[in-house]
Structure formats: structure tokens, C-alpha cells
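Topology and contacts: notes
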Amino acid sequence: MINYIIRRILYALPILIGVNVITFVLFFVVNTPDDIARMQLGQKRVTQEAIEKWKADRGYDRPILWNANASGTGKLTETIFYIHSVKLFVFEFGQSDSGRDIGHDISQRMWPSLAITVPSLLLGLFAYITFALILAFFRATYIDVWGVVLCVVMMSVSSMFYIIGGQFVIGKLLHLVPISGYDTGIQAIKFVALPVLVGLVGSIGSSTRWYRTIFLEEMNKDYVRTARAKGLPEKLVLYRHVLRNGLIPILTGVVVILPMLFIGSLITESFFAIPGLGSYTIDAINRQDFAIVRSMVYLGSVLYIFGLLLTDISYTIADPRIRLE
Amino acid sequence: MPVLFITDILIFVLLGMVILFAWYTTRHEHLRAPWRQVAANPLAMVAVVILGFYIIIGLLDSIHFHPRLSWEEEKQVEYSTEIHSLLDVLTEKMRTQIETSYSAPFATHSFAKEVIVLPDGSEIRAYPRLAFAGRHLDDVNDVGSDILIKSISGGLVGLFIWALLCGLSIFWLARHRQHTLNETLGSIIQRQGRIPWHIILITLGLCIVTLSTLFYLSSFYHVLGTDKVGQDVFYQSLKSVRTGLLIGTLTTLVMLPFAIALGIMAGYFRGWVDDVIQYLYTTLNSIPGVLLIAAAILMLEVYMTNHAVDFTSVEQRADMRLLFLCMILGIMSWTGLCRLLRGEALKLREIDYVQASQAFGVGHLTIMLRHVLPNVMHIVMISIVIDFSGLVLAEAVLAYINIGVDPSMASWGNMINSARLELARDPVVWWSLAAAFIFMLGLVLPANLFADAVRDAFDPRIRTMQ
């Protein structure tokens, strides 16, 4: 088992390097720091001195890959690639373009993100599995048919409308919760409730339909037929056999997004003004703060790769038929 | 003088490919069988009819030209610098009748009170009459009956067109089946045959009557109201159709060659080729999609502002950005299909006919093209139709983060984005959002239903279950 995990981690390393190189190329080679500086400072009347100063303030005034002026290892380390990209490997994000410490910001902002994503995930799993089981129980009846149609209709509505509609109906018309904002401690609940609810409703369609297919596939298998044949009531068949085996693909599907919960949801956070990592990223995109966007791209990729690793491990735990070879 | 945007060229290339593919399919029985199953599905046929209308609108909007300036006809012909499309010409009145600000659907008066100077010099605060909508009315109180009369006459025109189309299609069917017209009509009414013609014709009728009513009314009223700068919302929604369709289809067009070539190669050659390709798609896949798009669009903006000379018109800039967005979305979305194709190719390469060809010394390329590719086409087909609706929906989200299509371009995402803050007004300005909602649902829901039907027909696993 440990061998397997080590091998998987070693396998993840080249991917991390690849991600790093891609972000580096995207941010420094496609457009040089000069271009970015010129854009940030305005187009027409920009002096070369202003550009040089902008670059010096942010540490972009070094050569990109190879510093011929430095001595010894400085030839490699005194470069933009080393300072801004290689250091990402050890999670040294450096400073944002506006001068704040990105690492500190991230550690502060991940908690509000988690406050939204964790309840959404747990409540969502419970709700979708329940709905999917109901549909599977009533399979091939009108309840099932119309349930699936409803799912398709709900899937076809943009998530923006769920958020806008939720804010309008629950926040503005009914005055149940504040429309947006965030607070710490127990007060946070009233701010968190609406985003969680909206997120839940927003993905009912696709998730329920997907889980229903998983359960239906499971129901066609031999062991379920055996269970029915020996006279087990349909409810027990569902709970004891179908649900348990269906949970394997569902849970392993969940494991891959577990690490991504830190990042939070971009749109939801921004709409509800929740100071999490999602809105942090969106603000950075709107302010064109390249340092933050670069860090978040890298962090997101690391978390995704970590999620893949967890998935592989959880498969082997959940399904004893898979051998670690 | 015609103008060709790059996206226009691509959309017609795509259209040509679809027509070629359709022609090829009709000549091969094994390819026709699953499509027949799709055609027998009433929901899917309703979806096809509705999608057809969207595609027609999108195509009309893809033929661009510089309109000729009419007063120059005598001398040398001159062209306006504006770029119009065929759709713009058809919706001339909607496009040009611009009010000053918000107005509700079918309103004759402005949404906000203004100071009006009466003929006798006194000033009152009231809702002013709109500059264009309802101008033809002498008495504003007649608006209800006027709308009714106009919608009936618009609807009648629609009914007439529908009757014409019905006649044509029945005539064609009769020729095709070599029946008399009466027999054909009878079989449609009695719902005989596999293809639900009665449902197709009814849907067609509903669509045509609705559209012609709305079109006719829209030259007298703003049927879906106007937005903040007084533009007709119905016109904007129609213009957005092209954007939505382009995002959904061009993205697929961009990614297909990569996905198919790399996926099949990985599965067929295995070994180091497989390792490299797997590494490539895992790496790309692990970068969060929205962030990659954001980074790429930021870089495009930097490039465009530093090379402003290369883009002569706003439309070209917007077009470039749309194309770039499609490419980025394509680069991100080929990985899923590639993985599926790799798995399938791994299975196929062990099958007897592939082994036999290898033993006969047939080249790798020929084997992949002749034996592997046709046998993975069902996966490609399913994934194209399933991805489409997701991409249309994604456009709205990207517009919100300002990394979607150019803000000057009509798109549902931009409509939602500019209208979402207006819900805070009192009374609420709801029509822009409602229009975007209806038009998006009208495209995405049929697309989803059609995708389901295609998947059911093409997926061999589901086919054997039935």
C-alpha cells in the first residue's frame, strides 16, 4: 500500500512540473513583463522608466530564464522563472501585484470558502442520493419519467439564474436572510444558508440523474436478482444491496473534489460577497493581478492532482477487487 | 460588399461538414439505423425542430456585409463602414427603433417618470410616450385591442406559411413513399409509421406562428421591452443566438482533431506514445478550467491592447476574442473525449479484424483510419451533442467573470450580466433576465433532450439493454 502511494506521488511530480511550465509560458513568455506593465500602466504615454520601475517593484526586472550577469548558481536562481515559478513548488506564492502576501491571504480566505462548500457537499450528497433512490424505486413509472424530465429541465437552466432567483425571492421578497455578505462565528449561518441552498438546487438535476443511472445499473446485476429471488422486500434490496454498492462510484467521485473544496466556488462567492478564495480569484481576474491568478492556477492544479491521488487510494479501499499492482 | 469573419468561415465549413456527413450517412444502412431510432423519438423530434429554428437564425446572422449607402447610387458605389448581417436587415425596425431607456414589454410609455413640458408651457412629471413603440396609436388606451388585432394578423401569416410548409412536406413524403397525397395525410393523422410526423408538423406550426406573431408585433412594439440604453431586448436575444451556437459548436470543431488523433494513437500504439499522450491530458486536465480561461483571456487582452493596429473594427476584435475563447474551451475539453477514445482503441486493437490486418501488413495509419476510427465514431457523436449544452451554459458564467465573449457582442451571458443588478430596482426590471432565460432554456433544453436521444440510440450498452 505504501509502495503504491509513493509510486503515485512520484507519478504526480512530472504533472506538477508540467502545470508549472504551462503557467510560466502563459504568463511570462506569451506576453513579456514589459507588455503586462504597459497594459497596467495605460497604453499610450508610458515611459520606459515607468515600466522599469513597475517591473522592479514586483521583481519582474530579471531575465526570464538565464541571468548571464549573476555569478555561480545565481545564473539560474536570479531569474523570473526561478523566483516566480519554481518557488511555487514549495508553496511560496510571493507578493501579489498590489503588494500583499498571497500565502497569508490564502490561509485567511480558505475558511469562508470551506464554510460554503462543506455543507453544500454533505447536504447535497444526502439530498441527491435520496432523490435518486426514490426515482430508482419508482423506475419505469410516471414518477420516474417525470422526475427525469424535471431533472433535465433543471439541468438546462444556467446556474446564474438559480443564484439571481434565489437572491431575489428569498433575500429580497421574503427577507429571510441577507442578500449577501459574511460574518464570523455563529452569525455566519444566516449568510451561508442561501448560497448553500442555491448551490444545492443548482446541481440537483445533473447529480440526481447521474446517481439514478448508477443505481439502475447496479439494479440490473445478478446479486440484486438473487436478493429479490430469495424474497427480500424491494426496500431492503435497495437499502442493503443497491445503495451500498452504488455508493462506491458515488463516493469515489466525491473524493476527487474533496481537496478542491478549499478553492470554493468562484461564482457563488462573488455573488454573495463571501470573502473566500473564489471571490479572491475573481477579484484578481478583474483587477488583472497576474501574481494571484498564477498562484491560484497552480494551487488549483495541485489540489486536483491530490484529489486524483486520493481517488485512486479510495478505490482500492472501497473495492477489494482492485489490486495494487 | 460581403465581409467574412473567421467565425463565419468556420461556421460554414462546419455546415458543409454536417451536410457531407448526413449525405454519407444516408448511403450506409448501418449508420442510418441509429438515426432512425432518434427520428422515432417524439421528444427528440420536437427538439430537432426547435434547434432548427435556432440554427436558421444563427446562420442568417453569420452572413455579414457592409451595406451600400443608398444616396451614392448615381456616382461611384460607396459602402458604409458598419457591418450588418442578414438578420440585421430582417430586423431593421427592432435594430433602429432605439428608445432612451428602459421600457416594459408592450409598453407605450417610458419606465421612468420624466419632466414633460406641456404645449401651454407648464411642466409636469409623468411617464413620457416612447419614441417608437405604439407611435401609430391615436389613443393609447386602445393598446390592448391593437395588440390583439396585430397578433392575430401576425399569427394568420404564420399559419399560412405553416400550411404551405405542411403541404410541401406532405407532397415530398408522398413522392418519397410513392403513395397518394390522401394516403400520406391519413397516415400522418392516424400516427402510422415510425417517424412521428404529426408531432413534427405541430411543433413546426407552433414555432412559426409564435415567431411570425412576434416579428410582426416587434415592428410596432418592443415585445420584450428595452434595456438601459433603449435597445430592443428581443433583438438582442436574437443576436445572441449566433454567439451561443458558435460557442457550442466551434469549440467542438477545434477540439475534435486533437481528441480523435491523440486518443486513437494512444490506444493503438500503447507504449511510450500512450505515456506521452496520457501525461499531456492529465496535465491539461489538472489546471482548473475557469482559471485557465481567465489566464488565457487576460493574456489575449494584453496582446490585443499592445497590437491594437491589427484589429480594424470592434466587430473584428469581438470576433477574434470569440474564436480565441472557443479555442481555449476546446483545448480544455478535448481531454475527456481523448480518454474515452483511448480506452476504446485499447479494446479495438485486440479484436480479430485489426489483428488480421496487422498480420497482412496493412499500415498503421490505414488500420487506424479504416478499422479503428469508424468504430469509435459513436463515442465522438455522443460526446459532441452532450458537450454542446454545457458550453452554452458556460458562456453565461464566463461573461459574469468578464472572461467570456467581448462585452460589445450580443450574448445571453452579457444580457444577464448587465441586467442582474436591475432586480434591485423598484418596480423590478425583469424583462432582460426573462428574455435571456427563455432563449437559453429554449436552446439548452432541446439540446439536452436531443443529446439523450442520440446517446440512447448510439451507445451500444444502452442499445443492448433495450
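The shown structure was predicted, so the numbers you read here are calculated from the model rather than taken from an experiment. (Residues numbered from 1 in each chain as written. Chains lettered and ligands numbered in written order. Predicted model: local features only at pLDDT ≥ 70, side-chain atom pairs only at ≥ 80, totals over all residues. Heavy atoms only, no water.)

**Description of the interface of chain A and chain B**
- Each side of the interface is counted separately: chain A has 48 residues, and chain B has 49 residues.
- Of the roughly 4,100 Å² buried where chain A meets chain B, counting both sides, 74% is carbon and sulfur surface.
- Where chain A touches chain B, the interface holds one salt bridge.
- We note a salt bridge from D452 of chain B to R209 of chain A, for which the minimum N-O separation is 2.7 Å.
- At the surface where chain A touches chain B, the tally comes to seven residue pairs in polar contact (both at pLDDT 80 or more).
- If you list the elements that add at least two residues to the side of chain A that touches chain B, you get helix 1 (2-29), helix 2 (33-41), helix 7 (142-155), helix 8 (159-173), helix 10 (204-219), helix 13 (266-271), helix 14 (277-287) and helix 15 (290-318) of chain A.
- Looking at the side of chain A that touches chain B, the element that brings in the most residues is helix 15 of chain A, giving nine residues.
- Here the side of chain A that touches chain B is composed, by residue class, of 30 nonpolar, 13 polar and five charged. (Contact = heavy atoms within 4.5 Å. Buried area = accessible area lost by both parts, 1.4 Å probe. Salt bridge = Lys/Arg side-chain N within 4 Å of Asp/Glu carboxyl O. Polar contact = N/O pair within 3.5 Å; in protein donor to acceptor, adjacent residues only side chain to side chain. Helix = DSSP H or I, 4+ residues; strand = E, 2+ residues; numbered from the N terminus. Nonpolar A, V, L, I, M, F, W, Y, C, P; charged D, E, K, R; others polar.)

**Section: the domain arrangement of chain B**
Residue and element names in this part refer to chain B.
- Taken domain by domain, chain B comprises domain 1 (94-217) and domain 2 (236-465).
- If you average the C-alpha positions of domain 1 and of domain 2, the two centres end up 34 Å apart.
- Counting residues at the interface gives seven residues for domain 1, matched by seven residues for domain 2.
- Carbon and sulfur atoms make up 80% of the area that domain 1 and domain 2 hide from each other, which totals about 610 Å².
- Looking only at domain 1, the three residues that lose the most surface to domain 2 are Y102, P105 and F111, adding up to 75% of its buried area.
- At the junction of domain 1 with domain 2, the criterion picks out zero salt bridges.
- Put simply, domain 1 and domain 2 have one residue pair in polar contact (both at pLDDT 80 or more) between them. (Domains from an automatic or database assignment.)

**A few points about the sheet that holds strand 2 (residues 64-65) of chain B**
Residue and element names in this part refer to chain B.
- Judged by pairing direction, the sheet is antiparallel, and its three strands sit side by side in the order 1-2-3 without closing on themselves. In the strand order of this sheet, the two ends are held by strand 1 (2-3) and strand 3 (84-85), each with one partner.
- Pairing analysis gives two bridges linking strand 1 to strand 2, with the strands arranged antiparallel. In the sheet register, P2 faces strand 2, and the bridge partner there is F65. (Pairing = 2+ DSSP bridges.)

**Notes on a nonpolar patch on the surface**
- A cluster of nonpolar side chains, namely I17, V21, V25, V29, F89 and V90 of chain A, defines an oily patch on the protein surface of about 470 Å² accessible area.
- With respect to the helices and strands, the residue F89 of chain A is situated in the loop between helix 5 (80-85) and helix 6 (102-137). (Patch = residues over 30% accessible without salt bridge, like charges linked within 9 Å, V, L, I, M, F, W, Y side chains within 5 Å. Areas by Shrake-Rupley, 256 points an atom, 1.4 Å probe, with all protein chains shown as cover.)

**Focus: helix 6 (residues 143-177) of chain B**
Residue and element names in this part refer to chain B.
- Taking 1.5 Å per residue, 35 residues should reach 51 Å; helix 6 reaches 50 Å between its end C-alpha atoms and fits that length.
- Considered for burial, the residues of helix 6 that qualify are D146, I147, K150, S151, G154, G155, G158, C166, S169, I170, L173 and A174.
- Positioned one or two residues after helix 6, Q178 has a phi angle of 55°, which is positive. (Expected span 1.5 Å × (residues − 1). Buried < 20%, exposed > 50% of the residue type's maximum accessible area, 1.4 Å probe, protein only.)

**Concerning unusual backbone geometry**
- Of note, A140 of chain A is a non-glycine position whose phi angle comes to about 60°, a positive value.
- Relative to the elements of secondary structure, A140 of chain A occurs in the loop between helix 6 and helix 7.
- With a phi close to 50°, R270 of chain B is a non-glycine residue in the positive phi region.
- With respect to the element layout, R270 of chain B can be found in the loop between helix 9 (233-269) and helix 10 (271-286).

**Here we look at the domain arrangement of chain A**
All names here are of chain A.
- According to the domain assignment, chain A consists of domain 1 (2-90) and domain 2 (108-318).
- Taken together, the contact pairs 19 residues of domain 1 with 15 residues of domain 2.
- In total, domain 1 and domain 2 occlude about 1,600 Å² of area from one another, counting both sides; carbon and sulfur atoms represent 73% of this.
- If you sort the residues of domain 1 by the area they bury against domain 2, R8, F27 and L88 come out on top, with a joint share of 31%.
- Summed over the shared surface of domain 1 and domain 2, the number is one salt bridge.
- Among the salt bridges present, the one from R8 reaches D312, with a minimum N-O distance of 2.7 Å.
- At the junction of domain 1 and domain 2, the tally comes to one residue pair in polar contact (both at pLDDT 80 or more).
- When contributions to the side of domain 1 that touches domain 2 are tallied by element, the ones reaching two or more residues are helix 1 and helix 2.

**What about the environment of I292 of chain A?**
Residue and element names in this part refer to chain A.
- Tracing the sequence through the fold places I292 in helix 15.
- Its relative accessible area of 2% is what places I292 among the buried residues.
- Counting along the chain gives 197 residues from I292 to Q95, while the straight-line C-alpha distance between them is 8.2 Å.
- Sequence-distant contacts of I292, defined by excluding residues within four places in its chain, comprise S96, I102, Y280, A284 and R287.

**So, the pattern of salt bridges**
- Overall, the coordinates contain 18 salt bridges over all chains when judged by the stated rule.
- Its salt-bridge partner being E350 of chain B, residue R349 of chain B comes within 3.2 Å of it at the nearest N-O pair.
- A relative accessible area of 14% places R349 of chain B in the buried class.
- Note on E350 of chain B: relative accessible area 41%, which makes it partly exposed.
- Residue R455 of chain B is joined to D456 of chain B by a salt bridge in which the shortest nitrogen-to-oxygen separation is 3.8 Å.
- Ionic contacts of the salt-bridge type, sharing partners, join the residues R209 of chain A together with D452, R455 and D456 of chain B into one network.

**Some thoughts on the nonpolar core**
- Counting residues in each nonpolar core, the largest one holds 168 residues, and the members touching the most others are F215 of chain A together with W412 of chain B.
- Counting residues per element, this core draws most heavily on helix 16 (residues 431-458) of chain B, which supplies 17 residues.
- W412 of chain B has contacts with Y54, S237, S240, V241, G244, V392, E395, A436, F439, M440 and L443 of chain B, leaving out every residue within four places of it along the chain. (Core = buried A, V, L, I, M, F, W, Y, C linked by side-chain atoms within 4.5 Å.)

**Brief notes about helix 7 of chain A**
- Over its 14 residues, helix 7 of chain A runs 20 Å from end to end, which matches the ideal 20 Å to within 8%, given 1.5 Å per residue.
- Along helix 7 of chain A, the positions that sit buried rather than exposed are D144, G147, V148, C151, V152 and M154 of chain A. Down the axis of helix 7 of chain A, the smallest arc covering the buried residues is 165°, so these residues share one side. Facing away from the buried surface of helix 7 of chain A by more than 90 degrees, the exposed residues are Y142, W146 and L150 of chain A.
- Where helix 7 of chain A is buried, its residues touch helix 6, helix 8, helix 9 (188-202) and helix 10 of chain A together with helix 16 of chain B. (Arc of directions from axis to C-beta.)

**Quick word on the pairing of strand 4 (residues 114-117) of chain B**
All names here are of chain B.
- Here strand 4 runs beside strand 5 (residues 123-126); their pairing, made up of four bridges, is antiparallel. Within the sheet, the bridge partner assigned to I116 lies in strand 5 and is I124.
- Here strand 4 folds back onto strand 5, and the loop between the two strands holds five residues, one of which, G121, carries a positive phi near 100°.

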